[in-house]
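Next come the chains, spelled out residue by residue.
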Amino acid sequence: MLLLIKEKAEDSPLVSICLITYNHEKYIRQSVDSILSQQMNFSYELIIADDASTDGTQQILRENYGQNSKVRLILREKNTEGKNTYLALQEARGKYIYNCEGDDFWIGNDGLSTLVDWLESHEDYVGVCGRRLTQSEKTEALSVTYDKRTDNREISLYDFWENKATFDLCAILYRNFYHDGKWNYRYYVACPRVGDLTIVTYILLHGKIFQLDKVVGVYRTDRIRNAGAYNTITSPREKFEEHLALISNLPDLLSVKLNYSGKRRIYAEWYISSFASTYEFIRQIPYLVRRLGIRITFYYLKKWVDDIRK
């Protein structure tokens, strides 16, 4: 199932960078090189976990990074069906962890050192977060999509779950807690293909994070359809169903009382915004009533009609 190249890099690195990849042949070198070009005056390991890519990703990784002493390649021979990130995190030996994916990349060369220096001097926080830009794969245009009102402030579990503040998992450095035994960290139990919400919740269960106003990387969006991007191989209804399932399963996984209504509303609004016409909305009403109830469905129907009239 697993081909593991170089079991060790640093024995006790300060930072474990966990890069998760699947069918990222087009972008993997840019992603890895942007990490290795960071100015790092601290010990680190770069764990690259490929989930049995069917393109040339594994060959690129072997040929270009197989001999790098800082890189630990985990090249799986069989797809883990949603467990790849969890298994990579279990391998992390660093005091701090940074998560990223094989189609994202860093901007500049001081982003990681900025986050490390900040967290090293703020022991009362579980993590520190930078900002990311988004880049359309179709047009290559860069965009700022984050809310600047949350810059230079702390974010709590309450803030996140009440939709009062957001941050990006691929822009946060956080303390490695995956072996403390406090929670069941098998996030894929709640939903194999949607893990970000659960991992962010794990982080905030351990304390607050601080949001800096520094842009550290780029996240690719508006993806061209391919086997390596969740958003391009999953229909809006499938994504909606998976997120609702995640919300339903999290209470049993976390055993923590959270208010799920806000996140459920966000998912519903996103799904409804994907409808191309009023006709499609009306056609979806029976399904929405089953999933959301009559009152909520007709609230969104009224809102849809009001928006059209404006």
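Above this text is the structure in question.
Asks: Mind showing me how you'd approach the overall build of the protein here?
Replies: Each helix and strand in the protein was counted, giving eleven helices and eleven strands. Dimensions of the protein, computed from the C-alpha atoms along their principal axes, are close to 60 × 45 × 40 Å. Taking all 310 residues of the protein together, 52% fall into the buried category. Contacts in the protein between residues at least 24 apart in sequence constitute 79% of all its contacts with a sequence separation of at least 6.

Asks: Just checking my understanding: could you explain the pairing of strand β5 (residues 96-101) for this structure?
Replies: Along β5, five of the six residues are buried, which leaves the element largely enclosed by surrounding structure. Alignment of strand β2 (residues 15-21) against β5, held across six bridges, turns out to be parallel. Across the sheet, I20 pairs through a bridge with E101, a residue of β5.

Asks: I'm lost on the packing of helix α1 (residues 28-36) against helix α2 (residues 57-65) in this one. Help?
Replies: Two packed helices can be described by the angle between their axes and the distance between those axes. Two numbers describe how α1 lies on α2: the axes approach to 10 Å, and their chain directions differ by 35 degrees. Read as a crossing pair, α1 and α2 show a hand that is right-handed. Facing α1, whose interface residues are I28, R29, V32, D33 and L36, α2 presents T57, I60, L61, N64 and Y65. When its residues are assigned to classes, the contact of α1 with α2 shows six nonpolar, two polar and two charged.

Asks: Would you mind showing me how to read the side chain of R220 here?
Replies: The residue R220 is located in strand β11 (residues 209-221) in this model. Within polar-contact distance, the side chain of R220 engages the side chain of Q135 at 3.3 Å. Filtering out sequence-adjacent residues up to four positions away, R220 remains in contact with Y27, Q30, D103, D104, F105, Q135 and E140.

Asks: How should the side chain of R76 be read in this particular structure?
Replies: Residue placement: R76 occurs in strand β4 (residues 71-76). Although buried, R76 forms no salt bridge, and the nearest oppositely charged side chain, D51, lies 4.3 Å from it. At 2.6 Å, the side chain of R76 and the side chain of N84 are in polar contact.

Asks: Looking at this structure, I do not really get helix α4 (residues 111-120). What am I missing?
Replies: Working note: α-helix, 3.6 residues per turn, so residues spaced by three or four point in the same direction. Of all the ten residues making up α4, seven are buried; the element is thus mostly covered by neighbouring parts of the structure. Looking at α4, one finds that the buried residues are G111, L112, S113, L115, V116, W118 and L119.

Asks: When you look at helix α6 (residues 196-205) in this model, what are you seeing that I'm missing?
Replies: Counting buried residues along α6, nine of its ten residues qualify, which places the element largely inside the surrounding structure. Within two residues after α6, G207 carries a phi angle of roughly 145 degrees, on the positive side.

Asks: Looking at this model, I keep getting lost on the pattern of salt bridges. Mind explaining?
Replies: Once their charged atoms are close, side chains differing in charge can pair, the charge on each being opposite to the other. Enumeration over the complete set of coordinates arrives at 13 salt bridges. K214 is the salt-bridge partner of D110, the closest N and O atoms lying 3.3 Å from each other. With D110 in the loop between β6 (105-106) and α4 and K214 in strand β11, the pair connects residues that are 104 residues apart, well separated along the chain. Since its relative accessible area comes to 30%, D110 is described here as partly exposed. Put simply, R175 and E123 hold a salt bridge, and the shortest N to O gap is 3.7 Å. Pair noted here: R175 is in strand β10 (residues 172-175) and E123 is in the loop between α4 and β7 (127-136), with a separation of 52 residues, a long-range link. If you follow the salt bridges from partner to partner, you end up with E45, R72, E91 and R93 in one network.

What counts as what
Residues numbered from 1 in each chain as written. Predicted model: local features only at pLDDT ≥ 70, side-chain atom pairs only at ≥ 80, totals over all residues. Heavy atoms only, no water. Helix = DSSP H or I, 4+ residues; strand = E, 2+ residues; numbered from the N terminus. Buried < 20%, exposed > 50% of the residue type's maximum accessible area, 1.4 Å probe, protein only. Contact = heavy atoms within 4.5 Å. Pairing = 2+ DSSP bridges. Axes fitted to C-alpha atoms, helices over the stretch in contact; angles between N-to-C directions. Left-handed = near helix turned anticlockwise from the far one by under 90°. Nonpolar A, V, L, I, M, F, W, Y, C, P; charged D, E, K, R; others polar. Polar contact = N/O pair within 3.5 Å; in protein donor to acceptor, adjacent residues only side chain to side chain. Lys, Arg positive; Asp, Glu negative; His and termini not counted. Salt bridge = Lys/Arg side-chain N within 4 Å of Asp/Glu carboxyl O.

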